[in-house]
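# Descriptive analysis of the structure
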Amino acid sequence: MPLLTTSEAGVPIQGPSATLIYDDWYPALRTDQLKKGKLATAMLLGIPLVVGRRNDGRVFAMRDSCPHRGIPLSVGSFDGNRVTCRYHGWEFEPCSGRCELIPSLSSHDHLDATRIYASAYPCEERDGHAWVYVPGPGSGKKAQGTELRAVPELAKFGPRYRTAFLTADLPCNVDHGIIGLMDPAHGPFVHQAWWWRTRGSIREKTKKFEPIAEGFRMSAHAPSANSAPYKLLGVYGEKVETTIDFVLPNRRTEIIRAGDKWFSSLTTVTPVTASTCRIDVIAAWNVFYWVPFLKPIAKFFGAKFVRQDQETMIQQAEGLKHNPSLMLIDDADKPAKWYFALKQARLEGTGKHPLDGAVELHWRS
């Protein structure tokens with residue numbers, strides 16, 4: 001169903017439906033799940049995938065279905081070079097999907113097995129994830145060497161840094177996951193904690209936004225003074241600035257700089273199916289590099305933070321089951337409106353951007 005919103009006056013506004021955006025890269029799974037000679041499964045945009053790593057180290061992603069009789073390839077075998085179907089022993093080169101062998105063919109058959117292809121998708125490893133390029137239905141196979149959009153990668157600003165990642169499944173469609181990700185007003189209510197912020201810390205804020213290609217940027221600014229983690233950066237005695245970008249189809253990046261110290265994160269909300277999604281957070285930093293056990297401490301508090309969002313989405317899903325009318329308000333919901341407009345322009349191929357210049361938004365959080 002399309003997302004139905006209403007204006008402050010109660011006038012229904014028909015927003016774009018939760019249509020999926022194809023022809024882009026999505027993170028399928030963490031590559032530490034890919035063991036030698038083993039196959040892993042994942043789901044992206046409702047497409048079942050089988051994922052693995054060849055003996056030469058290259059990762060691959062295929063549709064988890066043999067083109068012969070449709071049995072999942074993931075129940076077959078993988079020797080590091082070829083994926084073999086369990087049903088009839090057809091063998092496939094996994095990066096291209098090309099069939100290399102059909103054991104049942106006899107000397108009387110004239111079928112060239114190498115003209116048969118299982119569905120394979122461009123797949124690249126970045127920041128510990130297998131990113132898969134998902135073409136639109138009916139657009140045909142993307143050949144190796146085809147010029148595609150750049151593979152997303154976490155920004156880093158030096159050779160020495162620590163990294164961590166978090167993930168959580170969300171029982172909502174990708175639209176609700178994304179507008180929840182960019183919502184600036186829920187923090188004091190969903191993320192109340194002594195180490196983050198409290199409801200009593202709410203104050204008025206003004207932020208400047210500017211258009212970027214297929215997205216928008218919260219221009220460089222001093223981080224929120226009512227968030228404890230940002231205050232810690234003050235120990236370096238440098239000016240602290242943060243920049244936050246959102247870019248279609250699903251990516252939020254945040255970069256915090258304090259002199260030569262930095263923190264960088266890439267958060268994605270990926271459609272698993274048309275009605276469910278997954279949030280992945282990848283982070284890198286060189287702040288407090290010397291502090292013992294910093295990574296497990298950061299992951300502990302980060303997991304709590306993401307869990308709070310997840311619990312809220314689970315509760316929201318109960319209400320959304322009844323297809324209520326919803327509303328988006330200014331200015332706190334303006335980024336959500338921009339997202340829907342950007343998405344609609346992408347789907348229609350117009351290239352129209354909802355922002356024609358820098359604007360200031362005001363809200364309390």
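Please refer to the structure higher up on the page.
Below, the structure is looked at part by part. Every value quoted in this text rests on a predicted model; they were computed, and no experiment measured them. (Residues numbered from 1 in each chain as written. Predicted model: local features only at pLDDT ≥ 70, side-chain atom pairs only at ≥ 80, totals over all residues. Heavy atoms only, no water.)

Look at the link from L248 to P249: it is a cis peptide, with omega at 5°. Within the secondary structure layout, P249 lies in the loop between β17 (240-247) and β18 (251-258). The peptide bond linking D330 to D331 adopts the cis configuration, its omega dihedral lying at -10°. You can see D331 is positioned in the loop between β21 (326-327) and α5 (334-348). A positive phi angle is found at D23, which is not glycine, with a value near 60°. Within the secondary structure, D23 sits in the loop between β2 (12-17) and β3 (24-30). The exposure class of D23 is partly exposed, given its relative accessible area of 28%. (Helix = DSSP H or I, 4+ residues; strand = E, 2+ residues; numbered from the N terminus. Buried < 20%, exposed > 50% of the residue type's maximum accessible area, 1.4 Å probe, protein only.)

Note: disulfide means a covalent bond formed between the sulfur atoms of two cysteine side chains. Counted under the stated rule, the structure contains zero disulfides. Unpaired in terms of disulfides, C99 finds its nearest cysteine sulfur in C66, a separation of 7.8 Å. Lacking any disulfide linkage, C277 is separated from the closest cysteine sulfur, that of C172, by 3.9 Å. For C277, a relative accessible area of 2% gives the class buried. (Disulfide = S-S within 2.5 Å.)

Strand order in the open sheet made by the four strands is β4-β5-β6-β11, with antiparallel pairing throughout. Single-partner strands in this sheet number two, and they are β4 (40-44) and β11 (120-121). In this sheet, β11 lies alongside strand β6 (residues 59-63) in antiparallel orientation, the contact comprising two bridges. Paired with A61 across the bridge in β11 is Y121. (Pairing = 2+ DSSP bridges.)

What follows covers the pattern of salt bridges. Summed over all chains, the structure comprises 21 salt bridges. Put simply, E93 and R54 hold a salt bridge, and the shortest N to O gap is 2.8 Å. Remark: R54 occurs in the loop between β5 (47-53) and β6 and E93 occurs in the loop between β9 (91-92) and β10 (99-101); sequence separation between them is 39 residues. On the accessibility criterion, E93 (15% relative accessible area) is buried. One salt bridge in this structure joins R149 and E214, with 2.8 Å as the shortest N-O distance. Of this pair, R149 sits in the loop between β13 (129-134) and β14 (162-170) while E214 sits in the loop between β15 (204-212) and β16 (215-221), and the two are 65 residues apart along the sequence. Look at the salt bridges and you will find they share partners, linking D24, R149, E214, R251 and R346 into a network. (Salt bridge = Lys/Arg side-chain N within 4 Å of Asp/Glu carboxyl O.)

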